[in-house]
Amino acid sequence: MLCDECREREAVVHLTQIVSEQVNTVHLCEKCAAERGVESGTQLTKSPLGTFLAAMGKGGPAAPAAEGARCPACGATLADFRDTGRLGCGECYVTFGAQLRDLLRRLHGSTRHVGERYASPGGPAPEPVVEPAPVAAELVELRERLRRAIADENFELAAELRDRLRGAP
Amino acid sequence: MIDLSLIPDGGVGWLDASGPSSHLVLSTRVRLARNLAGLPFSTRNGEAEREAVLARVESAAAGTESLGRAVRFRLDRLDRADRQLLHERHLVSRDLAGLEGETGVRKGATLLIQDAVGAMVNEEDHLRLQGFRSGFDLGSAYESVDRLDAELGQRLPFAFHPEFGYLTACPTNVGTGLRASVLIHLPGLVLTKEITKVLQGLAQVGLTYRGLYGEGS
């Protein structure tokens, strides 16, 4: 059975919601479920990193060239990261950014830090991060996802989508 | 044998039940994970690099109000019993104390502590800043560690990325590097066997739980 949301991957999470006597079942793949913030039971006591790292190995179209890539600063590879669950240095975040973003979205619900900005001593003042305004086709998709999020009563996701629609960071 | 009388409250001030809601909540702890920019993380650095990190941190800390009078414990020079003692007083993590079987204590592992604020150096990240309070007092614990973070951040270049935030060895900490926790004693829930339900419910509100001694317990 395919995922209701993306229609690309196999559905593994079957979410049944009962809203005032109306039963609604949604079938999601792991990626869309994580995007929606659905917690799966196995993550309770196991380290969340282990589960995500295993999923990283399975899913996602990782560029074949990147597999052997080494961080220019510390020499770590993606394989090192999979073995230890730890990155080698700050530069690794840049080198492996593409692969990490997916993982970060699942771990934190977003890839963008919106907290305090840090200014290195003697360095330039930090610029506030401005997310670029979404394009037309993306707008339609976002509106549809917003409608579905509200229907599912997933208001946290809905708020995030609403903010993105406004073009706010 | 280390002399814990060097620390005014013996390192157990947080246990004195003086804080709010202390009949349930033993203590509050807020920690911030930070790394120095341009250097490999603890997973990939060597002894010399760790000593360099420690030297820079100590030099910077000496100029701060939060840690200017700090007591310093070099865990890599203490025997196991002393390290265990620091761990039992919840002053250092199991990782820093090197209590994990074969690996032993990491070279350069150090604790700087002053009043209710501390810094673990050369743990999983270069710096783990922590604030403790007795009872349930997240605001106050956060305030003190935030102050330390600001003071050190002005003197040391932290690894920070405009998109990802503060960079850490483990991606679960990247961004704010913040972890806030409370130590709660719940014997009633355990005796009535309700504890499992409560713990399962925690995951649904985005919280996680650990045993008395933190990660790995």
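Here, every reference points to the structure presented above.
This section reports on the structure supplied with the text.

### Here's the deal with the pairing of strand S1 (residues 13-19) of chain A
All names here are of chain A.
Argument step 1. Direction of pairing for S1 relative to strand S2 (residues 22-28): antiparallel, over a ladder of 7 bridges. Paired with His14 across the two strands is His27, which belongs to S2.
Argument step 2. Counting the residues between successive antiparallel strands, the hairpin from S1 to S2 contains 2 residues, one of them, Ser20, with a positive phi of roughly 40°.

### Concerning the state of the cysteines
Put plainly, two cysteines are in a disulfide when a covalent bond ties their sulfur atoms together.
All names here are of chain A.
Argument step 1. Under the criterion given, the structure shown has 0 disulfides over all chains.
Argument step 2. Among the cysteines around Cys74, which has no disulfide bond, Cys92 carries the closest sulfur, lying 3.5 Å off.
Argument step 3. Owing to a relative accessible area of 18%, Cys74 belongs among the buried residues under this scheme.
Argument step 4. Free cysteine Cys89: the closest other cysteine sulfur is in Cys74, separated by 3.6 Å.
Argument step 5. The class for Cys89 is buried, based on a relative accessible area of 4%.

### Focus: a nonpolar patch on the surface
Residue and element names in this part refer to chain B.
Argument step 1. Side chains of Leu24, Phe136, Leu138, Val182, Ile184 and Leu186 sit close together on the surface and give an oily, nonpolar patch of about 450 Å² of accessible area.
Argument step 2. Residue position: Val182 is located in strand S8 (residues 178-184).
Argument step 3. The exposure class of Val182 is partly exposed, given its relative accessible area of 33%.

### Notes on the interface of chain A and chain B
Size of an interface: often given as the accessible area lost when the parts come together.
Argument step 1. With 32 residues of chain A in contact, the opposing surface of chain B contributes 36 residues.
Argument step 2. Carbon and sulfur atoms make up 60% of the area that chain A and chain B hide from each other, which totals about 2800 Å².
Argument step 3. Where chain A packs against chain B, one counts 3 salt bridges.
Argument step 4. Between A:Asp80 and B:Arg44 there is a salt bridge, with the nearest N and O atoms lying 3.4 Å from each other.

### So, the sheet that holds strand S2 (residues 71-74) of chain B
Residues and elements named next belong to chain B.
Argument step 1. Ordered by their spatial adjacency, 6 strands build an open sheet running S2-S3-S4-S5-S1-S8, and the pairing between neighbours is antiparallel. Each of the sheet's edge strands pairs with one partner strand only, and the pair in question is S2 and S8. In this sheet, adjacent strand axes meet at a mean angle of 20° when their direction is disregarded.
Argument step 2. Sheet analysis places strand S3 (residues 110-114) next to strand S4 (residues 117-121), joined by 5 bridges and oriented antiparallel. Residue Leu111 lies in a different strand from S4, and its bridge partner there is Met120.
Argument step 3. Sheet strands touched by helix H1 (residues 47-62): S2, S3, S4 and strand S5 (127-134). Its angle to S3, the strand with the most contacts, is close to 10°.

### Remarks on the environment of A:Thr84
Argument step 1. Note that A:Thr84 resides in helix H4 (residues 78-84).
Argument step 2. A residue is classified by how much of its surface remains accessible, and A:Thr84, at 47% relative accessible area, is partly exposed.

### Quick notes on the environment of B:Arg179
Argument step 1. Tracing the backbone shows B:Arg179 in strand S8.
Argument step 2. Sequence-wise, B:Arg179 and B:Gln130 are 49 residues apart; in three dimensions their C-alpha atoms are separated by 9.4 Å.

### Considerations on helix H8 (residues 155-166) of chain A
Residue and element names in this part refer to chain A.
Argument step 1. A rise of 1.5 Å per residue sets the reference length of H8, with its 12 residues, at 16 Å; its end C-alpha atoms lie 16 Å apart and thus fit the reference within 8%.
Argument step 2. Listing the buried residues of H8 in full gives Leu157, Ala158 and Leu161. Burial along H8 is one-sided: seen end-on, the buried residues are contained in an arc of 100°. Away from its buried face, by an angle of more than 90 degrees, H8 presents the exposed residues Phe155, Glu156 and Arg166.
Argument step 3. The first or second residue beyond H8 is Gly167, which carries a positive phi of 85°.

### As for helix H4 (residues 138-155) of chain B
All names here are of chain B.
Argument step 1. The end-to-end C-alpha separation of H4 is 26 Å, in line with the 26 Å expected for 18 residues at 1.5 Å each.
Argument step 2. When H4 is considered as a whole, its buried residues turn out to be Ala141, Ser144, Val145, Leu148, Asp149, Glu151, Leu152 and Gly153.
Argument step 3. Lining the buried residues of H4 we find strand S1 (25-34), H1, S4, S5 and strand S7 (165-166).

### Examining the packing of aromatic side chains
Any pair of aromatic rings gets described here by the distance separating the centres and the angle formed by the planes.
Argument step 1. Across all of its chains, the model carries 6 aromatic pairs over all chains by this definition.
Argument step 2. Ring centres 5.7 Å apart and planes at 50° place the aromatic pair A:Tyr118 and B:Tyr166 in the tilted group. Of this pair, A:Tyr118 sits in the loop between helix H6 (97-108) and helix H7 (136-151) while B:Tyr166 sits in strand S7, on two different chains. For the residue pair A:Tyr118 and B:Tyr166, the accessibility class agrees, reading buried in each case.
Argument step 3. Among the aromatic residues, those joined into a cluster by ring pairs are A:Tyr118, B:Phe158, B:Phe160 and B:Tyr166.
Argument step 4. The lysine or arginine in question, B:Arg34, covers the ring of B:Tyr166, its NZ or CZ lying 3.4 Å from the ring centre.

### Details of the pattern of salt bridges
Argument step 1. Per the counting criterion, the structure on display carries 23 salt bridges over all chains.
Argument step 2. A salt bridge links B:Arg69 to B:Asp115; the shortest N-O distance between them is 3.4 Å. Placement of B:Arg69 in the loop between H1 and S2 and of B:Asp115 in the loop between S3 and S4 is noted, with a sequence separation of 46 residues between them.
Argument step 3. Here B:Lys197 makes a salt bridge to B:Glu194, at a shortest N to O gap of 3.3 Å.
Argument step 4. When salt bridges with common partners are traced through the structure, they connect A:Glu5, A:Glu144, A:Arg145, A:Arg147 and A:Arg148 into a single cluster.

### Overview of the nonpolar core
All names here are of chain B.
Argument step 1. In this structure, Leu127, Leu129, Leu152, Leu156 and Phe158 are the most contacted members of the largest nonpolar core, which totals 24 residues.
Argument step 2. At the level of secondary structure, the elements contributing two or more residues to this core comprise S1, H1, S4, S5 and H4.
Argument step 3. With 5 residues, the top contributor of residues to this core is H1.
Argument step 4. Here Leu152 is in contact with Ala60, Ala61, Thr64, Leu127, Leu129 and Phe158, once residues within four sequence places are set aside.

How each quantity is defined
Residues numbered from 1 in each chain as written. Chains lettered and ligands numbered in written order. Predicted model: local features only at pLDDT ≥ 70, side-chain atom pairs only at ≥ 80, totals over all residues. Heavy atoms only, no water. Pairing = 2+ DSSP bridges. Helix = DSSP H or I, 4+ residues; strand = E, 2+ residues; numbered from the N terminus. Disulfide = S-S within 2.5 Å. Buried < 20%, exposed > 50% of the residue type's maximum accessible area, 1.4 Å probe, protein only. Patch = residues over 30% accessible without salt bridge, like charges linked within 9 Å, V, L, I, M, F, W, Y side chains within 5 Å. Areas by Shrake-Rupley, 256 points an atom, 1.4 Å probe, with all protein chains shown as cover. Salt bridge = Lys/Arg side-chain N within 4 Å of Asp/Glu carboxyl O. Contact = heavy atoms within 4.5 Å. Buried area = accessible area lost by both parts, 1.4 Å probe. Axes fitted to C-alpha atoms, helices over the stretch in contact; angles between N-to-C directions. Expected span 1.5 Å × (residues − 1). Arc of directions from axis to C-beta. Phe/Tyr/Trp six-rings, centres within 6.5 Å; stacked < 30°, edge-to-face > 60°. Lys NZ or Arg CZ within 6 Å of the ring centre and 35° of its normal. Core = buried A, V, L, I, M, F, W, Y, C linked by side-chain atoms within 4.5 Å.

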